[in-house]
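Each chain, written out:
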Amino acid sequence: MDIKINHIAKMEGHAGFMASVLDGDVKSAKLEVQEGIRLIEGVLIGRYYTDMPIIAQRICGICPVVHNLTSIKALENAMGIQVTPETKKLRTVMELAQIIHSHALHLFFLSLADFLDMDNDIQLVSAYPEETKIAVRLREFGMDIVRVIGGRVIHPLTNEVGGFKKAPEAEALRKIVADSERALQDAVALGDFFKKIKIPDFQRETEYVCLSGKGRYAVYDGDIVSSYGLHIPVEKFEQDFQELQKQNEVIKKVEHNGISYMVGAIARININRSKLNPQAGKYLESLNFTFPDYNPFHNILCQMVELIHCVEESTKLIKELLNSDLERVVTRPYEIKEGVGVAAVEAPRGTLYYHVDVDSKGYVKNVNIITPTAQFLANLEDDVADYIKEIIDLKDQDKQKKLRGFIRAYDPCISCAVH
Amino acid sequence: MAVNKKSKIAKFLGRLSSVTSRLRGKVAAKKNAKKSKVKKLPVGIAKNKSAVAKKGARVVKKKMPAKLTVKKKTVADKKTKDAKKILPNKPANKSKAKADKRKPTVKRVAKKKVDASVAVVNEKNKSAVKKTVKIAKVAKAAPSKPEAKLKKPKVAIASLTSCEGCQFALLDLGEKFLDFVGKIEMVDFRLIEDEEDGGGDLDLVLVEGNPVTEENVKTLKALRKRSKLLVALGNCAAMGGIPEIKNYQEGANTIKHVYKYIQGISNPEIREIDNFVKVDFVFPGCPISGDEFLRYIPELLAGRIPVIPDQPVCVECKAAGNRCLLLDKKPCFGPMIQGGCGAVCPTSRMTCQGCRGLRPTGNVKAMRAALKNMVTDHEFENIAEIFGLRDDIEAREKNIKI
């Protein structure tokens, strides 16, 4: 028996799904990518380093911020450029805001209907107008922050190697702080709502991987840490994790020692949950998860925890920035040097990894980009193969519905994965 | 089933729209009074394009015999202006006027808005409002057959290979986008449900991205056949975008940097969508400007093709009070590039790299001369490659009409 889904809507990029089952045994389960290639890594080669963040962020229209930040960080590491603590902080705020608006979109508008057994967002919005308002407001809160710091939401403009072309207006930042109280109330309220949704009980053990560091819940920096005890600096990532391309496939899936693993909100919560801000921590506690938590559907709730955390964290950091000299984020002169640099930042969907090789004149010699979706795709397919067994007796239409919901809960970004 | 689906989508968007309107607690003033369809462009007015006559659509839209439509527009505009004179500039009145104008197209939603705004209109203003409404109705009713025109235009937004940023630029307009969606019948909007587009005729299709896979090309051609108007949404569709950089590199080397197994992977040279189908209008930019979208979409929905004024990015840059980047020896392409973006880049101290394309009278020679002391020719070409501008510049310099 074959299970085929031509096209999965309500996610970033184009993909379908195909599985074949024989006598109750899942022979294969595969996401069928329908996205064309853009060869971003290839087009960067030979270009001047300042073009790299501009081009690389255009890999994704939902998460340009993280592509921009990670490429800048990799270039700075390659050339040995130090930036001010204020710059790091401001970049972190941008990334938190990126997570806020991406999660708000995915949680509510892309994934929620699947859990309420609704066919589409039509029913969702009419059944929950209040919650819809809240989700819209939260998304706008995140977008406002990116706009104020980056100059615009999609493909921001101010970031560059060495710092920012321009410091954000203090007045605009103060307004965000003023709005943050409501945003936090909204996030908590939305959290309470999500507690009520019925999540399927499905478990499959896997390895979780994300950035982790001392002190804060890692977003902008940290080491690569896994739930199976791996702890390596970002520089060693490519040694431990292998990109594999199969013939006719445009996504290079990544494996850790030959086995699939998981990144993203659920991985971060499993590993870094002790560093959450108070409200987010309180909310997580109220969910009564047992850790390690191996239910992939919980990715949704973990995103909800992070949404609360990121509102708290971004407000905290903006307040700190307002008490410092904002002009210190503006780029200062630096020297162009030959070198190899790597960097990783937590994107909404998991750890984004960049590797860049620059020559002495500042031209890019080599680039490698490893996106979160490319990393969790093998894990998704392994999970789905298991999950199909649980839903095998359902009618075809219901099976498809369940599978769509499952795949969406992962929040895959196909444009990123292919790039 | 298809009909069912369409009405479901319309219903959803209507709801979402009213939800978000209430959220903001006000109804934004609407400048573009919706007029009923004026005569549509004669089909085939744009030349059928070959790969040589690239960007033909742009020329055509300027050559277009626009007299008729322009005239009607002026009449309608005048009336709207008159209406404005009568109206004291109060939001309540504006929303009332807006609600009424919308009535014939979006009955259910419009009614709600009327109810809401009536509550705030005080006695004194009521007569003024009535007058406006009357005028608006006259303007609207003049060229139309009333019943037949109640149908909402059918629109699809399609995304080929891209970052989908232009679609998100629309979504990020929030309430304003939903206002637009309330006025149309969205035939394909894959962000809200799984069911696929059921086919059928379209009034307008907005296409984002590059045709890279065979499926992309098929989709594009099929949409063109179904739709009265086809519009490029953003830099990739219009100019090739960042994927076009590979066209300037050494052939197959680009893909070899990325993939070990290249067999079976579709890797065509990047060609803008107007090499495959006739393009009636371009929303330029990477990503598109949401405000500009709102400015021109009413005309497109009415079956007319707007013309973006030929002015450089510098006009808006200056108006924003920015210090000219050229004075700081930063190679900014602003003077030769089509304005309308609000000079969003230079306002962030980022040089213009031309994502919106050359403006019709943009002077490449003068631009090169101005940048002579800042960048080498090679660097100039490099910058022009980022957003697929280089081939357009070369064509302009060879005096090929593009």
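In this text, all values refer to a predicted model and were calculated from it rather than measured experimentally.

K.L.:
Sorry if this is basic, but what is going on with the overall build of chain A here?
P.N.:
Within chain A, the regular secondary structure consists of 14 helices and 14 strands. A compact globule built from 419 residues would reach a C-alpha radius of gyration of about 22 Å, and chain A, at 21 Å, matches this within 12%. Along the first, second and third principal axes, the C-alpha set of chain A runs to 65 × 50 × 35 Å. The 419 residues of chain A split such that 56% are buried. Sequence-distant contacts in chain A: of pairs separated by 6 or more residues, those separated by 24 or more amount to 73%.

K.L.:
Sorry, what's going on with the overall build of chain B here?
P.N.:
Helix and strand content of chain B: 17 helices and 5 strands. Within chain B, counting contacts between residues at least 6 apart in sequence, those at least 24 apart form 78% of the total.

K.L.:
Looking at this model, I keep getting lost on the sheet that holds strand β3 (residues 25-33) of chain A. Mind explaining?
P.N.:
Strand pairing within a sheet occurs via backbone hydrogen bonds; the two strands may be parallel or antiparallel. Residues and elements named next belong to chain A. The sheet built from 3 strands is open, its strands ordered β1-β2-β3 with antiparallel pairing. A single partner strand is all that each edge strand has here, and the edge strands are β1 (2-5) and β3. Sheet twist, expressed as the average angle between the axes of neighbouring strands with direction ignored, equals 10°. Pairing of strand β2 (residues 15-22) with β3, which is carried by 8 bridges, proceeds in the antiparallel orientation. When the sheet's bridge partners are listed, glycine 16 is paired in β3 with glutamate 32. Lying over the sheet, helix α12 (residues 372-391) contacts β2 and β3, oriented at roughly 135° with respect to β3. Sitting on the sheet, helix α13 (residues 396-409) touches β1 and β2, and the angle it makes with β1 is about 60°.

K.L.:
Just checking my understanding: could you explain the interface of chain B and chain A for this structure?
P.N.:
As a measure of interface size, the accessible area lost when the parts come together is often cited. Counting residues at the interface gives 54 residues for chain B and 52 residues for chain A. Taken together, the elements giving at least two residues each to the side of chain B that touches chain A come down to α1 (2-24), α7 (165-171), α9 (214-226), α11 (253-258), α14 (344-347) and α16 (377-386) of chain B. In terms of residues, the side of chain B that touches chain A owes the most to one element, α1 of chain B, which gives 8 residues. In the side of chain B that touches chain A, the residues fall into 24 nonpolar, 17 polar and 13 charged.

K.L.:
I tried to follow the confidence of the model for chain B on my own but got confused; where do I start?
P.N.:
When pLDDT drops low, the exact placement of atoms in the prediction is not to be read closely. Residue and element names in this part refer to chain B. Chain-level statistics for chain B give a pLDDT mean of 74 and a share of 60% at 70 or above. Within the model, pLDDT remains below 50 along residues 23-148, and this stretch shows 147 contacts once partners closer than five positions in the same chain are excluded. In the model output, the complex is listed with pTM 0.83 alongside ipTM 0.94.

K.L.:
What exactly am I supposed to notice about the pairing of strand β12 (residues 339-347) of chain A here?
P.N.:
On a regular strand, one side chain projects to one face of the sheet and the next to the other, so that they alternate. All names here are of chain A. Within β12, 7 of the 9 residues are buried, which leaves it mostly tucked inside the rest of the structure. Where β12 meets strand β13 (residues 350-358), 9 bridges bridge the pair, whose relative direction is antiparallel. Its bridge partner lying in β13, alanine 343 is registered against tyrosine 354. The turn joining β12 and β13, which pair antiparallel and follow one another in sequence, is formed by 2 residues.

K.L.:
Explanation requested: the environment of glycine 222 of chain A in the structure shown.
P.N.:
All names here are of chain A. Among the secondary structure elements, glycine 222 is positioned in the loop between β6 (207-212) and β7 (223-226). Among the residues examined, glycine 222 registers 22 C-beta atoms within 10 Å and is labelled buried. Here the alpha-carbon distance between glycine 222 and cysteine 210, two residues 12 residues apart in the chain, equals 8.8 Å.

K.L.:
For this particular structure, what's the right way to read the nonpolar core?
P.N.:
The nonpolar side chains of soluble globular proteins are, as a tendency, buried together. Residues Leu75, Ile100, Leu138 and Val305 of chain A together with Val207, Val231 and Ala232 of chain B are the most contacted members of the largest nonpolar core, which totals 218 residues. Ranked by the residues each element gives to this core, the list is headed by helix α4 (residues 85-115) of chain A, at 14 residues. Excluding its chain neighbours within four sequence positions, the residues that come into contact with valine 305 of chain A are Ile269, Leu276, Ala280, Tyr283 and Leu284 of chain A.

K.L.:
Where do I start with the sheet that holds strand β5 (residues 281-283) of chain B in this structure?
P.N.:
All names here are of chain B. Pairing within the open sheet is parallel, and its 5 strands lie in the order β2-β1-β3-β4-β5. Strands at the two margins of the open sheet, each flanked by one partner only, are β2 (185-188) and β5. In this sheet, adjacent strand axes meet at a mean angle of 25° when their direction is disregarded. Two strands pair when backbone bridges link them, and strand β3 (residues 202-208) and strand β4 (residues 227-233) are joined in this way by 5 bridges, in the parallel orientation. For valine 205, the partnering residue across the bridge sits in β4 and is leucine 230.

Reading the values: the criteria
- Residues numbered from 1 in each chain as written.
- Chains lettered and ligands numbered in written order.
- Predicted model: local features only at pLDDT ≥ 70, side-chain atom pairs only at ≥ 80, totals over all residues.
- Helix = DSSP H or I, 4+ residues; strand = E, 2+ residues; numbered from the N terminus.
- Rg over C-alpha atoms; globule rule 2.2 N^0.38 Å.
- Buried ≥ 20, exposed ≤ 12 C-beta atoms within 10 Å, placed from the backbone.
- Contact = placed C-beta atoms within 7 Å.
- Pairing = 2+ DSSP bridges.
- Axes fitted to C-alpha atoms, helices over the stretch in contact; angles between N-to-C directions.
- Nonpolar A, V, L, I, M, F, W, Y, C, P; charged D, E, K, R; others polar.
- pLDDT = per-residue confidence, 0-100.
- Core = buried A, V, L, I, M, F, W, Y, C linked by C-beta atoms within 7 Å.

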